[in-house]
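What follows is the residue order along each chain.
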Amino acid sequence: MSLTETNSAEVKGMVDGLFAAPAAEAAQAAAAKIVDGGLGVVKGTNVVGLLKDGANNKKSKEAREGALLLCAALADSKARVLEPVLAEVFGLALELLGDKQKNVQVAADAAVNAIVKAIQPHACVPANYLPALIEALKSSKWQTKVTALKTIASLSKTSPKQVAEVMPDILPNITDLLFDTKVDVCKAAKASMTDICSVIDNRDIEPFVPHLVSAMSNPEEVSECIQQLAATTFVQIVARAEL
């Protein structure tokens, strides 16, 4: 048996134990072993598959919590080899924010926060995190929607150029949440919309951003807002984000 196979088998055993009896220390130990083993262990143990199996285990709250603890520990390592793994399980962590078990909710919150902190500026591209965030905005769980909104707002500050590129994909989903039945979601949607629109780099549009955001949540203001925009002489090129 090769060293990689030996390490993979050891990691698998550690993960099985973690999913049976979740504990932060056990998660950190397993994460350290995975990081030390590098890409060989990541592939050899099918880390993504293990995390998905644990997170999707509806019969075991321990497995769900253990998977989330491991997600957080892996994200905390900030190992570049784990970026694809984190992107794959990000959506699951977001969805479990609305789990019925409090321990799972807490673990999900820690996992999401750790993953967001670990996101490299270059990694905020549609192929990685956008699909998970858009799906989270459509979730039936209000906790998931609120956190997704806050995450998008945060990425608008750390990766403004990347967020600007995907604004046409994000904004329609956030606009819908301005009228959500849950007050917390409505507030988060409005705050997120303001932060996202701040990535617009067009001096002709910038003065109208507050009016645009207000009009999105107050339909009676749309007509006046359109008239103001129509009366504007645009000097700068209008790019994808502004449109």
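This structure is a prediction, so every number in the text was calculated from the model and none was measured.

### Points about the overall build of the protein
The helix and strand tally for the protein stands at 13 helices and zero strands. Overall, the protein shows an N-to-C arrangement of helices and strands of α-α-α-α-α-α-α-α-α-α-α-α-α. In the protein, buried positions account for 47% of the 243 residues. Taken as a whole, the protein presents about 12,300 Å² of accessible surface, with 55% of it coming from carbon and sulfur.

### Here's the deal with the side chain of glutamate 65
Looking at the element boundaries, glutamate 65 is found in helix α4 (residues 61–77). It is lysine 61 that comes nearest to the buried, bridge-free glutamate 65 among opposite-charge side chains, at 7.6 Å. Among all residues touching glutamate 65, those that are not within four sequence positions of it are Pro22, Asn103, Val104 and Ala107.

### Quick notes on the packing of helix α5 (residues 83–95) against helix α8 (residues 142–158)
The geometry of α5 relative to α8 is characterised by a closest axis approach of 8 Å and an angle of 130° between their N-to-C directions. Taken as axis vectors, α5 and α8 run oblique relative to one another. Where α5 abuts α8, its residues Phe90, Leu94 and Glu95 lie against Thr144, Thr147, Ala148 and Thr151. Grouping the constituent residues of the contact of α5 with α8 by class yields three nonpolar, three polar and one charged.

### Points about the nonpolar core
Counting residues in each nonpolar core, the largest one holds 74 residues, and the members touching the most others are Leu51, Leu70, Leu74, Phe90 and Ile174. When near neighbours in sequence (up to four residues on either side) are disregarded, leucine 70 contacts Val15, Leu18, Ala27, Ala30, Ala31, Ile34 and Leu51.

### Side note on the environment of leucine 69
Structurally, the position occupied by leucine 69 is in helix α4. Assessed through its relative accessible area of 18%, leucine 69 is described here as buried. For the pair formed by leucine 69 and alanine 111, sequence separation is 42 residues and the distance between their alpha carbons is 6.6 Å. In this structure leucine 69 touches Pro22, Ala23, Ala24, Ala27 and Ala107, once residues within four positions along its chain are discounted.

### Let's talk about the pattern of salt bridges
Counted according to the given criterion, the structure contains eight salt bridges. Put simply, lysine 138 and glutamate 135 hold a salt bridge, and the shortest N to O gap is 4.0 Å. Among the residues examined, lysine 138 registers a relative accessible area of 53% and is labelled exposed. For lysine 145, the salt bridge is made with aspartate 180, and the minimal N-O distance between the two is 2.8 Å. Residue lysine 145 is located in helix α8, and its partner aspartate 180 is located in the loop between α10 (167–177) and α11 (183–197); the two are separated by 35 residues in the primary sequence. Take aspartate 180: its relative accessible area is 16%, and that puts it in the buried class.

Scoring rules and cut-offs
- Residues numbered from 1 in each chain as written.
- Predicted model: local features only at pLDDT ≥ 70, side-chain atom pairs only at ≥ 80, totals over all residues.
- Heavy atoms only, no water.
- Helix = DSSP H or I, 4+ residues; strand = E, 2+ residues; numbered from the N terminus.
- Buried < 20%, exposed > 50% of the residue type's maximum accessible area, 1.4 Å probe, protein only.
- Areas by Shrake-Rupley, 256 points an atom, 1.4 Å probe, with all protein chains shown as cover.
- Lys, Arg positive; Asp, Glu negative; His and termini not counted.
- Salt bridge = Lys/Arg side-chain N within 4 Å of Asp/Glu carboxyl O.
- Contact = heavy atoms within 4.5 Å.
- Axes fitted to C-alpha atoms, helices over the stretch in contact; angles between N-to-C directions.
- Parallel < 35°, antiparallel > 145°, perpendicular 65-115°, else oblique.
- Nonpolar A, V, L, I, M, F, W, Y, C, P; charged D, E, K, R; others polar.
- Core = buried A, V, L, I, M, F, W, Y, C linked by side-chain atoms within 4.5 Å.

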